[in-house]
Amino acid sequence: MSQRNNQKKPILEVRDLRVYYETPKGDVLAVDGIDFDLYEGETLGLVGESGSGKSTAAMGILQLTVPPGRIAGGQVLLEGQSLLGLSEEQLREFRWVKLALIPQGAMNSLNPTMRVSDQIKDVIIAHEGKTAQKELKERILELLSTVGLPGRVYDLYPHELSGGMKQRACIAMAIALNPTVIVADEATSALDVVVQRVVAQTMLKVKEKLGVSMIMIGHDMGLMAQMVDRIAVMYAGKIVEIAPVRDMFNDPKHPYSRLLIDSVPSLKERKALKITEGITHDPRNPPPGCIFQLRCPFVMDVCRKDAPPMQEVKPGQLVACHLYKANEDGSFINVRDVVGNT
Amino acid sequence: MSEMLLEIRNASKIYKQRSVDGGSRDVVALQDFNLSIPKSPASIITIAGESGSGKTTLAQLVLGFTRLTSGQIIFDGQDISSADAHQIKDYRRQVQAVFQDPFGVYNPFYRVEHVFSTVISNFKLANNQASRRALMEKALNIVGLHGDDVLRKYPHQLSGGQRQRIMMARAYMISPKLIVADEPVSMVDASLRASILDVMIRLKEEIGISFLYITHDLSTAYQIGDQIYILYQGTIAEKGNTINVIDKPRHPYVQLLVDSVPVPDPDIKWVGEINLPSDEEMRTSVNSGCRFYPRCPSRMERCLAAQPPLYKIDEIDHQASCYLYDENEVAAILNPKS
């Protein structure tokens, strides 16, 4: 939707990020080496089924991983500065100011004993120090109006707000310090359809206004189609494909992305249901080779031996799948399209 | 009468809400609701609506968890409020339930097998080990699972989709006529939902079990439902054949609802912007008149006077509770003088 021709400048670079959960029977490889860039002003959708590691990845990026989870490796660079290995004190400087979170079920993340305004004040004062009351109030009212909430919300407690209003209050808090990157973790999943649309529109407007970059985690492909510029598909701890949203919907390359797109129920036509099983392997002990081999309809011998590398099969569309082979001229073909292929 | 499996007549459910000052306030969860499900052919009837629309209240009423304030629920010719203990037991057998939370319904200490063996002993379905096992196997096969794979497992070792399918298998085992499925897929991954919906279709088509499918998700209803009832604050806003209603919604609320479902196509974006009225307005319960009045873009004076009845739209069973479809109203719009 927005500027396509801008100089692509990565704001956030994630390199080989690994987040593991310790269990008595060995580590669960929840996020097992993911790479992606988030560009300026862009919204990136992170999708996948439950257990694919999308929320774990977000927490890893925010350095909010808590035991038994741990960051087992990799790099997270925000505007070139590495976040990993920063002390808790240094991280505080980053959180809210540069990196804000709209949590899953934001309705339960507000403090029930504090007025909405006091909670937003807390965020501002904690990071900017003492500020004149009058100025604070003006700023908070401005924030509330940015997210489409009436001024009277200023004096209300969270229980006096509806789910959608609470969610918007959380968005107001997330943008209070004008962050560079917002991570929205299933920010609208618990809302009614109509309210979800209102909150989603609020997020789009806020993004437009502030030019903030956003990572949107979710499983609703419909919502992704409406909101994001690019989509990264995760499966069992790995990113299997990243593509501009149109390419992902019109021509998904990875068999798992295809499955994900095909399983979106439509309101336009009734079609045969596509039945699949969930993640089938033990996440502590993934099979060698491709992570998707056990469910892949096109599995080949090579998939059981070697993990497929990420290849850019179309400008901006990266996929980790052995089905795609590079020609000499740099273009890619699907090996299944080649006649006589053994 | 016996043509109908389930008939709900003028059902109302009013909860008393006590307020801090000692007084009490009526919360109308369901008002003058009518529904009928024929004995055959089996069908999937969707009850859709947002939170607070009364859809779960309806499920609880049909399952007998709570009693009607007024009205009747008639199952197979028998009013369940006046049924004796024997009839109630039979009713509980004929009407089974599958709930929303596939994690909460299992006792984590027992293996999956326990779910089935409890049912088998309660309803005395089998008298020896071999036939018990055969029953389990048959039920599991219907939902696409195998006893060897799941019976010895604990609930936490299964995916949400598998757990819901096992619940469907459990319900099937008792050979009910009706399954009340209250949001059976909303806590299951999008990619696994199809497996549950498929089981519902198969139980309907192959075994002849009808479903009361309660959901907030129009798109799954669109894929599998026969009839749909869309509720708004305890009243029917619109009902009819699922495809007709969703393709061409008539009630302003249903139009807004259908329009708000995000289209999974990046080239079809939401058009326009909607605003919700401030909270006070939404909470003001309209005691008389249309419940959607505070939010309705085409509200009229008369909408406040009385709750609009269900008006017929073109199809035989497509009806909308909105004065816009009153013939007199249509005439008045065409000819403002009268």
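Parameters and conventions
Residues numbered from 1 in each chain as written. Chains lettered and ligands numbered in written order. Predicted model: local features only at pLDDT ≥ 70, side-chain atom pairs only at ≥ 80, totals over all residues. Helix = DSSP H or I, 4+ residues; strand = E, 2+ residues; numbered from the N terminus. Rg over C-alpha atoms; globule rule 2.2 N^0.38 Å. Buried ≥ 20, exposed ≤ 12 C-beta atoms within 10 Å, placed from the backbone. Contact = placed C-beta atoms within 7 Å. Domains from an automatic or database assignment. Nonpolar A, V, L, I, M, F, W, Y, C, P; charged D, E, K, R; others polar. Axes fitted to C-alpha atoms, helices over the stretch in contact; angles between N-to-C directions. Parallel < 35°, antiparallel > 145°, perpendicular 65-115°, else oblique. Left-handed = near helix turned anticlockwise from the far one by under 90°. Core = buried A, V, L, I, M, F, W, Y, C linked by C-beta atoms within 7 Å. Pairing = 2+ DSSP bridges.

> Is there a simple way to think about the overall build of chain A in this case?
The helix and strand tally for chain A stands at 10 helices and 14 strands. Rg of the C-alpha trace for chain A: 21 Å, near the compact-globule value of 20 Å for 342 residues, within the 12% margin. In terms of its C-alpha atoms, chain A occupies a principal-axis envelope of roughly 75 × 50 × 40 Å. The buried share of chain A, taken over its 342 residues, is 45%. Put simply, of all contacts in chain A between residues at least 6 apart along the chain, 63% involve residues at least 24 apart.

> What is the right way to read the overall build of chain B from this model?
When helices and strands are tallied, chain B shows 12 helices and 12 strands. For 338 residues, the compact-globule formula gives about 20 Å, and the C-alpha radius of gyration of chain B, at 22 Å, lands near that figure. With respect to the three principal axes, the spread of C-alpha positions in chain B is 80 × 55 × 45 Å.

> Which parts of the structure should I look at to understand the domain arrangement of chain B?
By a frequent convention, interface size equals the accessible area lost on bringing the separate parts together. Residue and element names in this part refer to chain B. For chain B, the assigned domains read domain 1 (4–247) and domain 2 (251–338). A straight line from the C-alpha centre of domain 1 to that of domain 2 covers 29 Å. In this assembly, 15 residues from domain 1 lie in contact with 16 residues from domain 2. Among the secondary structure elements, those contributing two or more residues to the side of domain 1 that touches domain 2 are α8 (218–224), β9 (227–232), β10 (235–241) and α9 (242–247). Among the elements that take part in the side of domain 1 that touches domain 2, β10 stands out by supplying seven residues, more than any other. Grouping the amino acids of the side of domain 1 that touches domain 2 by side-chain chemistry returns seven nonpolar, six polar and two charged.

> Explanation requested: the packing of helix α3 (residues 116–128) of chain A against helix α4 (residues 133–146) of chain A in the structure shown.
Packed helix pairs are characterised by how far apart their axes lie and by the angle those axes make with each other. All names here are of chain A. Where α3 meets α4, the closest approach of the two axes is 10 Å, and the angle between their N-to-C directions is 110 degrees. By the angle between their axes, α3 is roughly perpendicular relative to α4. Read as a crossing pair, α3 and α4 show a hand that is right-handed. On α4, the residues touching S117, I120, K121 and I124 of α3 are L136, I140 and L143. Looking at the contact of α3 with α4 residue by residue, the class counts come to five nonpolar, one polar and one charged.

> Explain the nonpolar core to me, please; I cannot follow it from the model alone.
Of all hydrophobic cores here, the largest spans 93 residues; its most connected members are A172(A) and V233(A). For A172(A), the contacting residues outside a window of four places in its chain are I120(A), L143(A), L144(A), T146(A), V147(A) and L149(A). Listed in part, the 87 residues of the second largest apolar core include L5(B), A221(B), V261(B) and Y323(B).

> Explanation requested: the sheet that holds strand β1 (residues 10–21) of chain A in the structure shown.
Two pairing modes exist for strands in a sheet, parallel and antiparallel, and in both the strands are linked by backbone hydrogen bonds. Residues and elements named next belong to chain A. With antiparallel pairing, the four strands of this open sheet are ordered in space as β2-β1-β4-β5. Unpaired on one side and paired on the other, β2 (28–39) and β5 (81–82) mark the two borders of the sheet. In the sheet, β1 pairs with β2 via eight bridges, with the strands oriented antiparallel. If you follow L12 over to β2, its bridge partner there is L38. Strands β1, β2 and β4 (69–78) of the sheet are contacted by helix α1 (residues 54–61), whose axis makes an angle of about 115 degrees with β1.

> Please explain the sheet that holds strand β2 (residues 24–38) of chain B as it appears in this structure.
Residue and element names in this part refer to chain B. Read from one edge of the open sheet, four strands run β2-β1-β4-β5, paired in antiparallel fashion. A single partner strand is all that each edge strand has here, and the edge strands are β2 and β5 (78–79). Relative to strand β4 (residues 70–75), strand β1 (residues 4–18) runs antiparallel, the two being bridged by five bridges. Among the inter-strand pairings, R9 is bridged to a residue of β4, identified as Q72. Across the sheet, helix α1 (residues 55–62) is in contact with β1, β2 and β4; its angle to β2 comes to roughly 65 degrees.

> What should I look at first to understand unusual backbone geometry in this one?
Across the chain, the bulk of peptide bonds are trans and the bulk of non-glycine residues have phi less than zero. Of note, the bond from P67(A) into P68(A) is cis; its omega dihedral lies within 30 degrees of zero at 10 degrees. Tracing the backbone through its elements, the reader meets P68(A) in the loop between α1 and β4. For the bond running from S40(B) to P41(B), omega is 0 degrees, close enough to zero to count as cis. A positive phi angle, near 45 degrees, is found at Q233(B), a position not held by glycine. With respect to the helices, strands and loops of the structure, Q233(B) is situated in the loop between β9 and β10.

> What is the right way to look at the interface of chain B and chain A in this model?
Taken together, the contact between chain B and chain A spans 35 residues of the former and 36 residues of the latter. Tallying contributions element by element places helix α7 (residues 190–207) of chain B first for the side of chain B that touches chain A, with seven residues.

> What exactly am I supposed to notice about the packing of α3(A) against helix α5 (residues 163–174) of chain A here?
Residues and elements named next belong to chain A. Put simply, α3 and α5 touch, their axes get as near as 9 Å, and they point 20 degrees apart. Taken together, α3 and α5 sit at an angle that is classed as roughly parallel. Handedness of the crossing formed by α3 with α5: right-handed. From α3, V116, Q119, I120 and V123 reach across to α5, where they touch A169, A172 and M173. For the contact of α3 with α5, the class distribution of residues is six nonpolar, one polar and no charged.

> What is the right way to read the environment of D35(A) from this model?
In this structure, D35(A) sits in strand β2. With 275 residues separating them in the primary sequence, D35(A) and M310(A) have C-alpha atoms 9.6 Å apart.

> I keep staring at the environment of R270(A) and nothing clicks. Help me out?
Looking at the secondary structure, you find R270(A) in the loop between α9 (255–262) and α10 (301–305). Classification of R270(A) by C-beta neighbours within 10 Å gives partly exposed; the count is 14. Here the alpha-carbon distance between R270(A) and N285(A), two residues 15 residues apart in the chain, equals 39 Å. Residues contacting R270(A), with those up to four places away along its chain left out, are Y222(B) and Q223(B).

> How do you make sense of the pairing of strand β8 (residues 213–218) of chain A when you look at a structure like this?
When a strand is regular, its side chains alternate between the sheet's two faces. Residues and elements named next belong to chain A. By the criterion of burial, β8 is predominantly enclosed, with six of the six residues buried. Here β8 shows no split at all, with S213, I215 and I217 on one side and M214, M216 and G218 on the other all buried. Bridge count between strand β3 (residues 43–47) and β8: five bridges; the pairing is parallel. Bridge pairing in β8 links V47 to G218. Judged from the five bridges that link them, strand β7 (residues 181–185) and β8 form a sheet pairing that is parallel.

> Quick question: what am I supposed to make of the pairing of strand β6 (residues 99–102) of chain A here?
All names here are of chain A. The two faces of β6 match: L99 and L101 on one face and A100 and I102 on the other face are all buried. As defined by bridge partners, β6 adjoins β7 across four bridges and the pair is classed as parallel. Pairing of L99 across the sheet is with V181, part of β7.

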